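# Survey of secondary and tertiary structure
So the chains spell out like this:
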Amino acid sequence: MKTLILALALIFISTPAMAQKKGKESAYERVMRTGTLKCGIMLWPPYFEADANTGKISGMGADLFDAMGKLIDLKIEYTQIIVGQQVEELRSGRIDAVCNDGPYVFSAIKFVDYSDAAYYAPAYVYVSADDDRFHEAGDINNAAYTVLGIDGDITLILAERNFPQAKRVSLPAITDASSLLLSIVTKKDDATITDPLLVDGFNATNKPGLKALSGADPVAVYPIGFSTRKGEQELLNMLNAGIAALWNTNTAEKILRQYSPDGKAFMPIAKPYERLK
C-alpha cells in the first residue's frame, strides 16, 4: 500500500514538471488541434485588402493561400499586423505564420524561418511618370534627391545599398501603401522602391501615375511564401507541401495570372521536373 501511495505521489509531483519541460503548445500542434492556420497579413493592395464595411480580406494573396488551404483541408484565418512587427506577433502566438512574407528586411532572417517560395516578386525604382529628371535608376544616387519608404519595409534597406548618396525618408509603419505612392506623384519626394502589382493598381486611378526606372532588371527579387517562429519545422513542412500542391495542380499560376496576365509582376517557380523526350 505504501508503495502505491508513493508511486501516486511521484506521478502528481512529476506531472507539472514534465509539462513545464515539454513547454507550451507549438504552432503546428495548435493548427492541427483547431484545423485553422492563423495567418498574419499586412494590408498591401492587391495582395491583401480589407472591405471597409465587413472587414473581409480579399486580394491575390488571399486567393492564393485560401486555395492552398482547400487543397490541404485547412482553414486560413487572416489577422492584420503592422509592417515590421512579424517577429513579435509570431513569438506571442497571436498568429501561427505570416502569409505572403519573405526576407524583405534582412535583419529579421535571424529571428524567423521562411517557407519555400510560392512565387518570386521583383522590386523596382519608381518616380512620377511626368518626372523628366530621371532616366535610369542610377540617377537617384544623388544627395539632392529623396527616396521614400515605410518603416519596416524593403525601400530604405535597398536605397541604402543601391543609392547611398540619396537622402532616405520613412513614413510610419501604419501608413497605407497609396499614401507612399501619392508622395511620389505629387513630388513631395522623388522616388520609392516597390513592387509592380501595387503600382499597376495605383496607376489605374491616379494620374500621371508612376514609372519604373530600373528597366528590365529589378533592384531586388524576393521569394514570397510564409514565415514562422524559429524552430517550427513541422509547420514549415506542411506549408511547403501546400505550396508544392498549388503548383503541382496548376492552381498557383492561374491565380497569379488573374492579377498579372502578362506575368511581368511576378516570377513563377521553376518546375522540378521535365517530360521525357
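Below: a short report on this structure. All of these numbers come straight from a predicted model, not from anything done at the bench.

Time to look at the packing of aromatic side chains. For the coordinates displayed, the defined rule picks out five aromatic pairs. Aromatic side chains F48 and Y78 sit 5.6 Å apart centroid to centroid with 55° between the ring planes, which places their arrangement in the tilted category. Separated by 30 residues along the polypeptide, F48 in the loop between β1 (36–41) and β2 (49–50) and Y78 in strand β4 (residues 75–80) bring together distant segments of the chain. Look at Y78 and you get buried, because its relative accessible area is 17%. With 4.6 Å between their ring centres and 75° between their planes, F134 and Y145 make a pair best called edge-to-face. A residue pair is termed long-range when its members are at least 10 positions apart, and F134 in the loop between β7 (119–128) and β8 (146–150) and Y145 in the loop between β7 and β8 qualify at eleven residues. Note on accessibility: F134 and Y145 belong to one class, buried.

Right, let's get into the pattern of salt bridges. Enumeration according to the criterion identifies nine salt bridges in this entry. In this structure, the salt-bridge partner of R30 is D96, at a minimum N-O distance of 2.8 Å. Taken as a pair, R30 in helix α2 (residues 27–34) and D96 in the loop between α4 (86–92) and β5 (97–101) lie far apart in primary sequence, 66 residues in all. Each member of the pair, R30 together with D96, is buried. Residues joined in a network through salt bridges with shared partners are D131, R133 and D190.

Now for α2. The periodicity of an α-helix, 3.6 residues per turn, causes residues three or four places apart in sequence to face the same way. Taken together, the buried positions of α2 are occupied by A27, R30 and V31. Relative to the axis of α2, the buried residues are bounded by an arc of 100° and lie together on one face. Against β1, β12 (220–229) and α8 (233–248) lie the buried residues of α2. G35 sits one or two positions beyond α2 and adopts a positive phi of about 70°.

With that settled, the discussion passes to the packing of α2 against α8. For the pair α2 and α8, interaxial distance at closest approach is 7 Å and the crossing angle is 55°. Here α2 is positioned oblique relative to α8, judged by the angle of their axes. The residues of α8 that touch α2, namely those facing A27, Y28, V31 and M32, are E234, L235 and M238. Across the contact of α2 with α8, the residue classes break down as six nonpolar, no polar and one charged.

Turning our attention to helix α6 (residues 177–185). What α6 keeps buried is the set A177, L180, L181, S183, I184 and V185. Count one or two residues on from α6 and you reach K187, which has phi positive near 65°.

Turning our attention to the environment of A67. Within the secondary structure, A67 is located in helix α3 (residues 60–71). Judged by relative accessible area, which is 15%, A67 ranks as buried. Taking the C-alpha atoms as reference points, A67 and I243, separated by 176 residues in sequence, lie 9.9 Å from one another. With residues up to four places along the chain from it excluded, the contact list for A67 reads L246, T251 and I255.

Quick notes on the rules
- Every chain is numbered independently, its residues counted from 1 as its sequence is written.
- pLDDT decides what is reported in this predicted model: residues at 70 or higher carry local features, side-chain atom pairs at 80 or more are listed and counted, and totals for whole chains, interfaces and linings draw on all residues regardless.
- The side-chain figures draw on all heavy atoms in the structure; neither hydrogens nor water molecules are used.
- In summary, the pairing rule links any two rings of Phe, Tyr or Trp, Trp by its six-membered ring, whose centres are within 6.5 Å, and it sorts them by plane angle into stacked for under 30 degrees, edge-to-face for over 60 and tilted for everything else.
- Strands are runs of DSSP state E lasting at least two residues, helices are runs of H or I lasting at least four, and both sets are numbered from the N terminus onward.
- Between buried and exposed lies partly exposed: a residue is buried under 20% and exposed over 50% of the maximum accessible area for its type, with that area taken using a 1.4 Å probe on protein chains only.
- Whenever Lys or Arg places a side-chain nitrogen within 4 Å of a carboxyl oxygen from Asp or Glu, that contact is recorded as a salt bridge.
- Our arc is simply the arc of the directions from the helix axis toward the C-beta atoms.
- By definition in these notes, contact holds between two residues if any of their heavy atoms fall within 4.5 Å.
- Only the contacting stretch of a helix is used when fitting its axis, a line to C-alpha atoms as for every element, and angles between N-to-C directions run 0 to 180 degrees.
- Geometric relationships in this document are graded by angle, where less than 35 degrees denotes roughly parallel, more than 145 denotes roughly antiparallel, 65 to 115 denotes roughly perpendicular, and other angles denote oblique.
- Polarity classes work like this: nonpolar for Ala, Val, Leu, Ile, Met, Phe, Trp, Tyr, Cys and Pro, charged for Asp, Glu, Lys and Arg, and polar for all others, with Gly in that last group.

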